[in-house]
Amino acid sequence: MGHNIAFIGFGGVGQGLANILLHQKDKLIQQEDLDVKVVAISDMMKGSLYHPDGLDVNLVLETLHSTGSLNDYPDRRGLVKGLDSVETIRQTNADTIMEVTFTDVKTGQPAIHHCETAFQAGKNVITTNKGPIALKYRELKKLAEQNGVFFGFEGTVMSGTPALRMPLSSLAGNEITEITGILNGTSNYILTKMEEGLAFDDALQEAKDNGFAEADPTNDIEGFDVRYKAVILTNYLMDVPIDVQDVPCEGISHLTPEDMKEAQKQGERWKLLATIKKENGNVTASVEPKRIPVSDPLASVSSATNAILYQCDLAGPITLTGAGAGITETGYSLLIDLIHIHRRKKTVNAY
């Protein structure tokens, strides 16, 4: 069964999925009966391509590698160049829009506008951008439902580790009363290095040198990135609306190696945690560094690894660990949602 997709934005994450589709094509057809065709790509910096019969993904990646511009992709009959993001969403024959633009998480734009445009055009959206989900989840969900399309955002929390869909599918029937997570690899890496004796600034520099931290690491070290993820978890898994500004947030920049040693003496470790609790029907969320016993499942999660613990009324505590970032891992998160759309489509067609 064929599925046409368009990339809006084609940086590392988009190219990560493109590489997966290129190398896993036969397996996806054999195992899932899923034949994915990339019909369009629109990137503000790299250019834009559209062909209703599909683009040669290998040639697209080779062209980008050699010249850096999609405009150098060879012309052929039916190829259209130069469509902007909105035109690509509205005018192409893509069923699903992969929204992976560079988006300002504080405003959610341009990703929110892209999602709205796609839903109004009757197209599915899969995104890895946190902004639309943290800031406008309920409105976007309603718009998608009104237009009978799918809204996928697995990659917004813990990348390709299924922190969102797994509890709803595999833990169905449980009431989740608390969620605790290590949801930022940069800050966890820094804390791990500080436990080894490095000062905060030195640990941060090492994180930058190893590619774990951005040039401006504020969102990571001050907990802002985790706060957006906590809002997504609260909205999606607890089904309770909560605003970003309603989540108290504290980062790790004030911690010292001495703090680490003091915790170790007490058999504890510092971790930057998102905590979401349901008590007496009320749900609260917070982000702050906490000392937790070394016996806690989250205490052993080191370096840039992420982890999340779900407290369930029937299954008890369930812990999920995995990568929270990475080009291949985040590209895979897009594939998770695409396979989910495809399975739903097959089920509907079966009836």
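Rules behind the numbers
- Residues numbered from 1 in each chain as written.
- Predicted model: local features only at pLDDT ≥ 70, side-chain atom pairs only at ≥ 80, totals over all residues.
- Heavy atoms only, no water.
- Phe/Tyr/Trp six-rings, centres within 6.5 Å; stacked < 30°, edge-to-face > 60°.
- Helix = DSSP H or I, 4+ residues; strand = E, 2+ residues; numbered from the N terminus.
- Buried < 20%, exposed > 50% of the residue type's maximum accessible area, 1.4 Å probe, protein only.
- UniProt positions renumbered as here; feature names shortened; annotations may be inferred.
- Contact = heavy atoms within 4.5 Å.
- Axes fitted to C-alpha atoms, helices over the stretch in contact; angles between N-to-C directions.
- Parallel < 35°, antiparallel > 145°, perpendicular 65-115°, else oblique.
- Left-handed = near helix turned anticlockwise from the far one by under 90°.
- Domains from an automatic or database assignment.
- Buried area = accessible area lost by both parts, 1.4 Å probe.
- Salt bridge = Lys/Arg side-chain N within 4 Å of Asp/Glu carboxyl O.
- Pairing = 2+ DSSP bridges.

(A) Just the packing of aromatic side chains, in detail. All told, the structure shown has seven aromatic pairs when counted by the stated rule. Ring geometry for phenylalanine 153 against tyrosine 236: centres 5.1 Å apart, planes inclined by 80 degrees, an arrangement best described as edge-to-face. Here tyrosine 236 lies in helix H11 (residues 224–237) and phenylalanine 153 lies in the loop between strand S7 (151–152) and helix H7 (165–169), a separation of 83 residues in the sequence. The class of phenylalanine 153 is buried, set by a relative accessible area of 5%. Plain terms: the ring middles of tyrosine 189 and phenylalanine 212 are 4.7 Å apart, the flat faces sit at 45 degrees to each other, and that makes the pair tilted. With a gap of 23 residues between them, tyrosine 189 in helix H8 (residues 185–195) and phenylalanine 212 in the loop between helix H9 (200–209) and helix H10 (218–221) connect regions that are remote in the sequence. Accessibility expressed as a relative area gives 6% for tyrosine 189, which makes it buried.

(B) Looking closely at the UniProt feature "binding site: NADPH" (unreviewed entry) in the protein chain. Here, UniProt's "binding site: NADPH" (unreviewed entry) annotation points to Lys130. With respect to the helices, strands and loops of the structure, lysine 130 is situated in helix H6 (residues 130–146). Residue class for lysine 130 comes out partly exposed when judged on its relative accessible area of 21%. The contact partners of lysine 130, leaving out residues within four places of it in the chain, are Val105, Thr156, Asp225, Tyr228, Lys229 and Ile232.

(C) Seen up close, the UniProt feature "domain: Aspartate/homoserine dehydrogenase NAD-binding" (unreviewed entry) in the protein chain. Here the UniProt-annotated "domain: Aspartate/homoserine dehydrogenase NAD-binding" (unreviewed entry) positions come out as residues 9–150. Helix makes up 46% of residues 9–150 and strand 16%, with an end-to-end C-alpha separation of 19 Å.

(D) Representation of the packing of H6 against H11. At their nearest, the axes of H6 and H11 sit 9 Å apart, and the two run at 40 degrees to each other. Considered as vectors, H6 and H11 are oriented oblique to each other. By crossing handedness, the relation of H6 to H11 is classed as left-handed. Where H6 abuts H11, its residues Lys130, Ile133, Ala134, Leu135, Tyr137 and Arg138 lie against Asp225, Tyr228, Lys229, Val231, Ile232, Asn235 and Tyr236.

(E) Structural view of the domain arrangement of the protein chain. Considered domain by domain, the protein chain is made up of domain 1 (2–160 + 328–349) and domain 2 (164–323). Centre-to-centre separation of domain 1 and domain 2, based on C-alpha positions: 29 Å. Contact residues are listed per partner, giving 19 residues for domain 1 and 22 residues for domain 2. Summed over both sides, the interface between domain 1 and domain 2 buries roughly 1,700 Å², with carbon and sulfur atoms accounting for 65% of that surface. On the domain 1 side of the interface with domain 2, the three residues burying the most area are Arg138, Val157 and Met158, jointly 37% of the side's total. One can count three salt bridges joining domain 1 with domain 2. With its nearest N and O atoms 3.4 Å apart, the salt bridge here joins arginine 138 to aspartate 239.

(F) Highlighting the pairing of strand S11 (residues 305–312). With respect to burial, S11 is a largely interior element, six of its eight residues being buried. Sheet topology note: the strand S8 (residues 176–182)/S11 ladder contains six bridges and is antiparallel. Bridged to isoleucine 176 within S11 is cysteine 312. As paired elements, S11 and strand S12 (residues 316–323) share eight bridges and run antiparallel to each other. Directly across from cysteine 312, in S12, lies its bridge partner glycine 316. Between S11 and S12, which pair antiparallel and follow one another directly, the connecting turn spans three residues.

(G) Examining the pattern of salt bridges more closely. Inspection of every chain in the model, using the stated rule, returns 14 salt bridges. Arginine 343 serves as the salt-bridge partner of glutamate 32, at 2.6 Å between the closest nitrogen and oxygen. Of this pair, glutamate 32 sits in helix H2 (residues 25–32) while arginine 343 sits in helix H13 (residues 327–350), and the two are 311 residues apart along the sequence. A relative accessible area of 12% places glutamate 32 in the buried class. We classify arginine 343 as partly exposed; its relative accessible area is 47%. Each of Lys130, Asp225 and Lys229 takes part in salt bridges that share partners, so that together they form one network.

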